[in-house]
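If you want the building blocks of each chain, they are given just below.
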Amino acid sequence: MTRLARAALAALLVGVALLAVVPAVPAARAGPIGALAASATVHGNVSGPGVVATGANVTYYINGTTNAVNATLTWSATISGGNTTGAKFNPTSGSMPPTGPAKVYLLPGSTAQTLTLYVLLKSTGAGNGTNGSLNLTKQVQVVVPIVLATKLLTGPASGVLAFNVTVDLDGTKVGTVSVPAIAASSSYNFSFSYATTGLSPGTHTFTISLVAEHGLVTFPGGATTLSRSFTIASPPPDTALWGVVGAVAFFGVLFILASRVAARRRGGARR
């Protein structure tokens, strides 16, 4: 073996020996899970009518869930609008029940307007900064309702237990009114408030019936069915377009007259 070959073999043996005594470098490990955890996800919605009557007390439901572990989901509610005097939620905040949605009551006040309901859902108590939140909004149209009112009468022989009265509008059910027990020879002031923005112009008819009470309670005059009609007026004509057309026509007449006068002057000048 030559001197050069022996030197190369010696270098190789030294390298192998060094690898044998150098400790292995451990693989890199991920940092603590909590330090990099993403915020929790919160889902929810607000359910309830989009059109309500002035002076009403309307039930809404706040639904919410979160994937945050060991967290409590809370909610808070506020209202905005052109005139929020008398408009309020009851209650205005709370914790999400373990089963089912949170129930809140909206008192829209006495002003016909559009209200915006704001609800904040927020998880609290989750570890490692993973709490989340969600903002919800719902627009509610507050309108002056159409009211059906009458008296319910009982005879001297017997009163009547509590019962429900179905209200139909143009042959379609639009509501139910719960009537309390009425004693003999007594009366009850029946009232149904109908909030809507979608009735077409023309005549519409409410119908209610007491036939199921078998004559124990009647309307004034002894009838067991009652129909009341009302009329929705047609919207006023749009005069803006006619104003524009009239203005164009007016200026058109002026232009024609001016053209004729100019023509006459040119003709006189030639003479």
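Anyway, here's the lowdown on the structure attached to this text. None of the values given here were measured: they were computed from a predicted structure.

Burial along strand β11 (residues 163-169) is one-sided: the residues Phe163, Val165, Val167 and Leu169 are buried and none of Asn164, Thr166 and Asp168 is. Pairing of β11 with strand β12 (residues 172-179), which is carried by seven bridges, proceeds in the antiparallel orientation. Residue Thr166 lies in a different strand from β12, and its bridge partner there is Thr176. Linking β11 back to β12 in an antiparallel pair, the connection comprises two residues, with Asp170 at a positive phi of about 55 degrees. With three bridges connecting them, β11 and strand β14 (residues 202-209) associate as antiparallel partners. Each bridged residue has a counterpart across the sheet, and for Leu169 the counterpart in β14 is Phe206.

Next up on the list: the side chain of Gln113. Following the sequence through the fold, Gln113 ends up in strand β8 (residues 113-124). For Gln113, a relative accessible area of 10% puts it in the buried group. Only 2.6 Å separates the side chain of Gln113 from the backbone oxygen of Asn83, close enough to count as a polar contact. Sequence-distant contacts of Gln113, defined by excluding residues within four places in its chain, comprise Gly81, Gly82, Asn83, Val140, Gln141 and Val142.

Right, let's talk about the sheet that holds β11 for a bit. Each strand in a sheet pairs with its neighbour through backbone hydrogen bonds, running either in the same direction (parallel) or in the opposite one (antiparallel). What the four strands build is an open sheet, ordered β12-β11-β14-β16; its pairing is antiparallel. Of all strands in the sheet, those with a lone pairing partner are β12 and β16 (225-232), marking the two edges. The mean inter-strand angle of the sheet, taken between neighbouring strand axes irrespective of direction, is 20 degrees. Bridge count between β14 and β16: eight bridges; the pairing is antiparallel. Following the sheet pairing, Ser209 is matched in β16 by Thr225.

One open sheet accounts for four strands, arranged β1-β3-β7-β5; its pairing is antiparallel. The strands lining the two open edges of the sheet, one partner per strand, are β1 (42-47) and β5 (88-90). Between one strand axis and the next, the sheet turns through 25 degrees on average, direction left out of account. Where strand β3 (residues 58-66) and strand β7 (residues 102-107) come together, five bridges link them in antiparallel fashion. Across the sheet, residue Ile62 finds its bridge partner in β7, namely Ala102.

In this section: the packing of aromatic side chains. The relation between two aromatic rings is expressed through the spacing of the ring centres and the mutual angle of the planes. Per the stated rule, a full pass over the model turns up four aromatic pairs. For the pair Phe192 and Phe206, a centre-to-centre distance of 6.0 Å together with 85 degrees between the ring planes defines the contact as edge-to-face. A residue pair is termed long-range when its members are at least 10 positions apart, and Phe192 in strand β13 (residues 187-194) and Phe206 in strand β14 qualify at 14 residues. There is no split in this pair, since Phe192 and Phe206 are both buried. On the basis of an interplanar angle of 90 degrees and a centroid distance of 6.0 Å, the ring pair of Tyr194 and Phe206 is categorised as edge-to-face. Remark: Phe206 occurs in strand β14 and Tyr194 occurs in strand β13; sequence separation between them is 12 residues. We note that Tyr194, like Phe206, is buried. Within the aromatic cluster, the residues linked to one another by ring pairs are Phe192, Tyr194, Phe206 and Phe230.

Note: strand β10 (residues 146-154) against β13, eight bridges, orientation antiparallel. Paired with Lys151 across the bridge in β13 is Asn189. Pairing geometry for β10 and strand β15 (residues 217-218), over two bridges, is antiparallel. Bridge pairing in β15 links Leu153 to Thr218.

With that settled, consider unusual backbone geometry. Cis geometry is adopted by the peptide bond preceding Pro91, which originates at Asn90 and carries an omega value of -5 degrees. Tracing the backbone shows Pro91 in the loop between β5 and β6 (93-95). Residues other than glycine seldom take positive phi values, yet Asp170 does so here, at roughly 55 degrees. With respect to the element layout, Asp170 can be found in the loop between β11 and β12. Although it is not a glycine, Ser185 adopts a positive phi angle of roughly 55 degrees. Assignment of secondary structure puts Ser185 in the loop between β12 and β13.

Scoring rules and cut-offs
Residues numbered from 1 in each chain as written. Predicted model: local features only at pLDDT ≥ 70, side-chain atom pairs only at ≥ 80, totals over all residues. Heavy atoms only, no water. Buried < 20%, exposed > 50% of the residue type's maximum accessible area, 1.4 Å probe, protein only. Helix = DSSP H or I, 4+ residues; strand = E, 2+ residues; numbered from the N terminus. Pairing = 2+ DSSP bridges. Polar contact = N/O pair within 3.5 Å; in protein donor to acceptor, adjacent residues only side chain to side chain. Contact = heavy atoms within 4.5 Å. Axes fitted to C-alpha atoms, helices over the stretch in contact; angles between N-to-C directions. Phe/Tyr/Trp six-rings, centres within 6.5 Å; stacked < 30°, edge-to-face > 60°.

So far we have only geometry, and geometry alone does not tell us how the molecule works.
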